[in-house]
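Secondary and tertiary structure notes
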Amino acid sequence: MGILVYELAHARAGDKGNTSSIAVIAYDDAGWQVLRQQLTAARVEQAFAHLGAGAVRRYEVASLKALNFVIPNVLAGGVTRSLRLDPHGKSLSALMLGIELPGGAAQS
């Protein structure tokens, strides 16, 4: 069994048009190392594919122990066009935190 992202980090989402930006911030150095290695753009793209996500871009912010993922086409047209209950995509943070990563038990 793998480890879930929420065991290693918290997340914050933002939006611009039809694009979501989700930052994943590690709780500690050990979690940061796992996230850097395992939470890839491809893994995130796969997790968000059912929402129509485009090619995901990943940016590292080492000074904050954070990864920022830019996910295009995931907001069903954006705030002014989407019929979703959460057009800003704030709940997409929960989807990100639920991604399972390969590996053993959580770092404490």
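Residues numbered from 1 in each chain as written. Predicted model: local features only at pLDDT ≥ 70, side-chain atom pairs only at ≥ 80, totals over all residues. Heavy atoms only, no water.

The chain has the name AtuA-like ferredoxin-fold domain-containing protein in an unreviewed UniProt entry, where Bordetella genomosp. 2 is given as its organism.

Focus: the sheet that holds strand 2 (residues 9–16)
The line we're drawing: Pairing between two strands is assigned when DSSP locates at least 2 bridges connecting them. By definition, any uninterrupted DSSP run of H or I lasting at least four residues is a helix, any uninterrupted run of E lasting at least two residues is a strand, and each is numbered from the N terminus. Here, axes are lines fitted to C-alpha atoms. For helices the fit covers the stretch in contact, and angles between N-to-C directions go from 0 to 180 degrees. In this analysis, two residues are considered to be in contact whenever any of their non-hydrogen atoms come within 4.5 Å of each other.
As summarised here, the arrangement of the 4 strands in space is 2-3-5-4, forming an open sheet in which the pairing is antiparallel. Strand pairing shows two members of the sheet lacking a second neighbour, strand 2 and strand 4 (57–61), which therefore form its edges. Each neighbouring strand pair of the sheet contributes to a mean axis angle of 20 degrees, computed without reference to strand direction. Lying on the sheet, helix 1 (residues 29–38) is in contact with strand 2, strand 3 (19–26), strand 4 and strand 5 (66–71); it crosses strand 4 at an angle near 155 degrees. Here helix 2 (residues 41–48) sits on the sheet and contacts strand 3, strand 4 and strand 5; the angle it forms with strand 5, its principal contact strand, is near 50 degrees.

Quick word on the pattern of salt bridges
We count it as follows: In the sections that follow, a salt bridge refers to a side-chain nitrogen of Lys or Arg positioned within 4 Å of a carboxyl oxygen of Asp or Glu. With a 1.4 Å probe rolled over the protein chains alone, any residue whose accessible area is under 20% of its type maximum counts as buried; one over 50% counts as exposed, and the rest are partly exposed.
Summed over all chains, the structure comprises 3 salt bridges. A salt bridge links Asp 29 to Lys 65; the nearest nitrogen and oxygen atoms lie 3.3 Å apart. Separated by 36 residues along the polypeptide, Asp 29 in helix 1 and Lys 65 in the loop between strand 4 and strand 5 bring together distant segments of the chain. We note a salt bridge from Glu 60 to Arg 36, for which the minimum N-O separation is 3.0 Å. Pair noted here: Glu 60 is in strand 4 and Arg 36 is in helix 1, with a separation of 24 residues, a long-range link. The class of Glu 60 is partly exposed, set by a relative accessible area of 39%. Here the salt bridges do not stand alone but share partners, grouping Arg 36, Arg 58 and Glu 60 into one network.

As for the nonpolar core
Heads up, the condition is: Here, nonpolar core refers to any group of buried Ala, Val, Leu, Ile, Met, Phe, Trp, Tyr and Cys residues whose side-chain atoms link them within 4.5 Å.
By size, the foremost hydrophobic cluster in this structure holds 27 residues, and its most contacted members are Leu 35, Leu 39, Ile 71 and Met 96. Listed by contribution, the elements that provide at least two residues to this core are strand 2, strand 3, helix 1, helix 2, strand 5 and helix 3 (92–97).

Structural notes on the environment of Ala 49
Looking at the secondary structure, you find Ala 49 in the loop between helix 2 and strand 4. Separated by 24 residues in the primary sequence, Ala 49 and Asn 73 have C-alpha atoms spaced 10.0 Å apart.

Re the pairing of strand 4
Here strand 4 runs beside strand 5; their pairing, made up of 5 bridges, is antiparallel. By the bridge assignment, Glu 60 is partnered in strand 5 with Leu 67. Where strand 4 hands over to strand 5, the hairpin turn is made up of 4 residues, of which Lys 65 adopts a positive phi near 55 degrees.

Considering helix 1
To keep it simple, the criterion reads: This arc describes the spread of directions from the helix axis toward the C-beta atoms. The definition of a polar contact used here is a pair of N or O atoms within 3.5 Å, where within protein one atom must be able to donate a hydrogen and the other to accept one, and adjacent residues in sequence count solely through side-chain atom pairs.
Every buried residue of helix 1 is accounted for by Gly 31, Trp 32, Val 34 and Leu 35. Projected onto a plane normal to the axis of helix 1, the buried residues spread over an arc of 165 degrees and lie on a single side. In this fold, the buried residues of helix 1 make contact with strand 2, strand 3, strand 4, strand 5 and strand 6 (100–101). If you check the start of helix 1, you find a side-chain oxygen 3.3 Å away from the backbone N of Ala 30, and it comes from Asp 28.

Looking at the pairing of strand 2
When strand 2 meets strand 3, the two strands line up antiparallel, connected through 8 bridges. For Arg 12, the partnering residue across the bridge sits in strand 3 and is Ala 23. Counted along the chain from strand 2 to the antiparallel partner strand 3, the turn is 2 residues long, and its residue Gly 17 has a positive phi close to 60 degrees.

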